[in-house]
Amino acid sequence: MEYRIRRVDLDTITLDAPEWATAAVGAVDNNPWADFAPAPATTFQVLRGNKGFFVKMHTNETPLRAEVDCENGKICTDSCMEFFLKPDPLNHNYINFEVNPKGRMHIGYGPGRGDRLHIDCARDIFRVESNAKDGDWTLKYEIPDSFLRVYFENTCPVMRGNFYKCGDLTASEHYAAWAPVVTEKPNFHVADFFDKLIVED
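It should be emphasised that the depicted structure is a prediction, and the values quoted were computed from it without experimental measurement.

Chemist: Can you tell me about the overall build of the chain, naming the residues and giving the values?
Modeler: Each helix and strand in the chain was counted, giving one helix and 13 strands. In sequence order, the chain lays out its α and β elements as β-β-β-β-β-β-β-β-β-β-α-β-β-β. Expressed along its principal axes, the backbone C-alpha trace of the chain runs to roughly 40 × 35 × 30 Å. Burial analysis of the chain (201 residues in total) assigns 52% to the buried set. Pairs at least 24 apart in sequence give 63% of the contacts found in the chain among residues at least 6 apart. Counting 22 positive and 31 negative side-chain charges, the chain places the centres of these two groups 2 Å from one another.

Given below as structure tokens:
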């Protein structure tokens, strides 16, 4: 699988900016774990701006759960949309962004599930916008180049990553991915299953 990221001549972007119409739409529709409820319909879009990446996700989940009110809390227990990114495929580390309907973020860095560094930077740099109501939740945030450079020497034109939808304590516990994940139990932290994110020239 691959997702192609379009470039736009913008330093920042809003949730409803017209430039989103130029971005390809990817579906988070792989539900490999039959013991759980089917995941709600969820999509993602990514654009490459002048100073970083713009990420937009949407889900029709209902009812939404939004109980966690602290940064780097157990966001995955709420209605949660996630983006795991490996900007440099030759680097063993990746970064994960997990966001709930309140716009609270859990951000981790490292090579796998068991050895994550929780990142406690100022959240305003991500310019999070979350427009959340049951059955229609749209999320936007930005990933500045200046932030990525703290953790990765290179941001390559062909990156790897995955997008996820989950909700550990929601009314219908669910787990889904964009790129297929082949594990016995839900596990998003397997970089071997990340797929291509290609930044167009």
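That shown, we press on.
Chemist: If you had to explain the packing of aromatic side chains to someone new, which residues and values would you point to?
Modeler: Applying the stated criterion to the full structure yields 20 aromatic pairs. Aromatic side chains phenylalanine 84 and phenylalanine 194 sit 6.4 Å apart centroid to centroid with 90 degrees between the ring planes, which places their arrangement in the edge-to-face category. Of this pair, phenylalanine 84 sits in strand S5 (residues 80–86) while phenylalanine 194 sits in the loop between strand S12 (174–177) and strand S13 (195–199); the two residues are 110 residues apart in sequence, bridging distant segments of the chain. Judged by centre distance (6.2 Å) and plane angle (55 degrees), the ring pair of phenylalanine 97 and phenylalanine 147 falls under tilted. Taken together, the residues phenylalanine 97 in strand S6 (residues 94–99) and phenylalanine 147 in helix H1 (residues 145–151) connect sequence positions 50 residues apart. Of the residues examined, phenylalanine 97 reaches a relative accessible area of 0% and is grouped as buried. A network of ring pairs unites the aromatic residues Trp33, Phe36, Phe84, Tyr94, Tyr164, Tyr175, Phe188 and Phe194 as a single cluster. Between arginine 48 and the ring centre of phenylalanine 53, over which it is positioned, the NZ or CZ distance is 4.6 Å. The ring centre of tyrosine 94 lies 4.1 Å from the NZ or CZ of arginine 116, which sits over that ring.

Scoring rules and cut-offs
Residues numbered from 1 in each chain as written. Predicted model: local features only at pLDDT ≥ 70, side-chain atom pairs only at ≥ 80, totals over all residues. Heavy atoms only, no water. Helix = DSSP H or I, 4+ residues; strand = E, 2+ residues; numbered from the N terminus. Buried < 20%, exposed > 50% of the residue type's maximum accessible area, 1.4 Å probe, protein only. Contact = heavy atoms within 4.5 Å. Lys, Arg positive; Asp, Glu negative; His and termini not counted. Charge placed at Lys NZ, Arg CZ, Asp CG, Glu CD. Phe/Tyr/Trp six-rings, centres within 6.5 Å; stacked < 30°, edge-to-face > 60°. Lys NZ or Arg CZ within 6 Å of the ring centre and 35° of its normal.

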